[in-house]
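# Remarks on the overall topology
Okay, here's what each chain looks like letter by letter:
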Amino acid sequence: MVEKKTKNILKRMSIENINISCRSLNKIVSINPICSSFTILTNIESYNSLIELICESSKFFNDYSWDVITYQILNKLSSNKNKIQNDGINYSQWYVNICQLIGKLSKLYTESFQLSPILKFIDNNLMINDFNIIYILKELIDSMTGIKSNNNLTIKQILRLNSGQSLRELVYFAINDNREYNFRSSNKLLKTLIENNLLNELIIILCQMNYKLIEIEDEKPLKFINERIDDINSLIHNLIIIIIMNLKSDEFEERIYSVNELVNSFNIEIQWVFEIWRKNLLVKFYDSDIYTPIRETFQEKVDFEKMNVEFFSIFWTLSLYDIDFNDISYSTEEEDLNLQIKGVQLKLRRVEDLNEKEVKSLEDQYSKLNSIVKYIKIDKETHETNYN
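Not measured: the values here are computed from a predicted model.

Moving on: the packing of helix α8 (residues 134-145) against helix α13 (residues 222-246). Contact pair α8 / α13: the axes reach a minimum separation of 10 Å and the direction vectors enclose 40°. Comparing their axes, α13 and α8 come out oblique. In this structure, α8 meets α13 at a crossing whose hand is left-handed. Packed against α8, whose contacting residues are Ile134, Leu137, Lys138, Ile141, Asp142 and Thr145, the element α13 presents Arg228, Asp231, Ile232, Leu235, Asn238, Leu239 and Ile242 at the interface. Here the contact of α8 with α13 is composed, by residue class, of seven nonpolar, two polar and four charged.

Structure (structure tokens):
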């Protein structure tokens, strides 16, 4: 009976009747959350159009309903259904839909959605080398942080990302990176990882998974290996960004494994160790002698008889921002931005030809571009001073 009623509501559910449908669905979920939530998730597996509607309806769920939904999600993820399509490369649609639902619920309902069991499930499955589980983590990080992958950037965008804040924001704006608007959910994700002692563990597992993927290259299609390695590298990079954005220096040193532990206890690759610790090491680089501890830490990994320790330290501690400055780049970007602003102004003058959504989009673009161009000169001077 409950299953049939739930199905009927889901069939009729649409944007037009969302308020009525939400109340009806909430009533059933409150009465019998186990059966109704199973039916909801089963339908979502087949119809991704339901994801947004269910997310909207979920705001009325009580605490017990949230517990049950988390339980049912974990049941679905633990089932024997194939997460990969027959081509051996792409994820199955049911799995993609459930992962997207997790991502959206975790972002919209940071306090209600049971994030800890999901993260523990991810961690446990990564421990047994279930490479397909990384897609759940990818959806969680993408949704909760707003950070976009940097795998497909142009050379110009890469240079911008390693310039001042104004030029970095220009790239974020172009690729729809919304990290600055997702601080609350991003901080919730990091806090949950720390509370469950999963932060260091996840970083270590992900860093070591690249080795494990290479070990099975004869068993899986090459495209599968390449895509998973790209996904893992993006996840590591984004996790590090979350840490740097949300942890102050003293808390960072308290929460994150030391350089020595990462290198000698967990065999983490040099590039990841320095990406994690670069900001903190850079302070020590100017305040004290870091050559001796770096030599001691990396002596089993690097032959310092052939590699000068000072060069090694400088090479890995400094970022592209520290070693590259292009005056022309800032000037060119400022000119381009002013032209874009003028273009947006011209479009806004013909407001009678635009619908409400287009006007709002142009106004947001105008505001954003103006806020960026205002700081270009300051960022240029700061960058030049840092470089010199």
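Further remarks concern the nonpolar core. Judged by nonpolar contacts, the single largest core of 97 residues is most densely connected at Ile73, Ile136 and Leu206. When residues of this core are assigned to their parent elements, the largest contribution, 11 residues, is made by α13. Once you skip the residues sitting within four places of it in the chain, Leu206 turns out to touch Leu126, Ile134, Leu137, Ile232, Leu235, Ile236 and Leu239. Grouped together as the second largest cluster of nonpolar side chains are 12 residues, Leu337, Leu362, Leu369 and Ile376 included.

Let us now look at the side chain of Asn200. Mapping Asn200 onto the fold places it in helix α12 (residues 199-215). Among the polar contacts listed, one links the side chain of Asn200 to the backbone oxygen of Arg255, at a separation of 2.7 Å. Ignoring anything within four residues of it in the chain, the contact list for Asn200 reads Arg255, Ile256 and Tyr257.

Under the defined criterion, the tally for this structure stands at 14 salt bridges. One salt bridge in this structure joins Lys76 and Glu45, with 3.4 Å as the shortest N-O distance. With Lys76 in helix α5 (residues 63-77) and Glu45 in helix α3 (residues 33-46), this pair connects stretches of sequence that are 31 residues apart. With a relative accessible area of 10%, Lys76 lands in the buried category.

Its 16 residues place the ends of helix α6 (residues 93-108) 22 Å apart at the C-alpha level, agreeing with the 22 Å of an ideal helix rising 1.5 Å per residue. When we look at burial in α6, the residues that qualify are Trp94, Tyr95, Val96, Asn97, Ile98, Cys99, Leu101, Ile102, Gly103, Leu105 and Ser106. In this structure, the buried side of α6 is in contact with α3, α4 (50-57), α5, α7 (115-127) and α8.

On to helix α10 (residues 165-174), then. Burial in α10 covers these residues: Ser166, Leu167, Glu169, Leu170, Val171 and Tyr172. Downstream of α10 by a residue or two, Asn176 has a phi angle that is positive, lying close to 60°.

Together, Ile155, Ile158, Leu159, Leu320 and Ile323 give the surface a local cluster of nonpolar side chains, amounting to about 450 Å² of exposed area. Where the nonpolar patch is concerned, the elements lending two or more residues are α9 (155-161) and α19 (320-323). If one sorts the elements of the nonpolar patch by residue count, α9 sits on top with three residues. Counting through the fold element by element, Leu320 comes out in helix α19.

Basis of the calculations
- Residues numbered from 1 in each chain as written.
- Predicted model: local features only at pLDDT ≥ 70, side-chain atom pairs only at ≥ 80, totals over all residues.
- Heavy atoms only, no water.
- Axes fitted to C-alpha atoms, helices over the stretch in contact; angles between N-to-C directions.
- Helix = DSSP H or I, 4+ residues; strand = E, 2+ residues; numbered from the N terminus.
- Parallel < 35°, antiparallel > 145°, perpendicular 65-115°, else oblique.
- Left-handed = near helix turned anticlockwise from the far one by under 90°.
- Contact = heavy atoms within 4.5 Å.
- Nonpolar A, V, L, I, M, F, W, Y, C, P; charged D, E, K, R; others polar.
- Core = buried A, V, L, I, M, F, W, Y, C linked by side-chain atoms within 4.5 Å.
- Buried < 20%, exposed > 50% of the residue type's maximum accessible area, 1.4 Å probe, protein only.
- Polar contact = N/O pair within 3.5 Å; in protein donor to acceptor, adjacent residues only side chain to side chain.
- Salt bridge = Lys/Arg side-chain N within 4 Å of Asp/Glu carboxyl O.
- Expected span 1.5 Å × (residues − 1).
- Patch = residues over 30% accessible without salt bridge, like charges linked within 9 Å, V, L, I, M, F, W, Y side chains within 5 Å.
- Areas by Shrake-Rupley, 256 points an atom, 1.4 Å probe, with all protein chains shown as cover.

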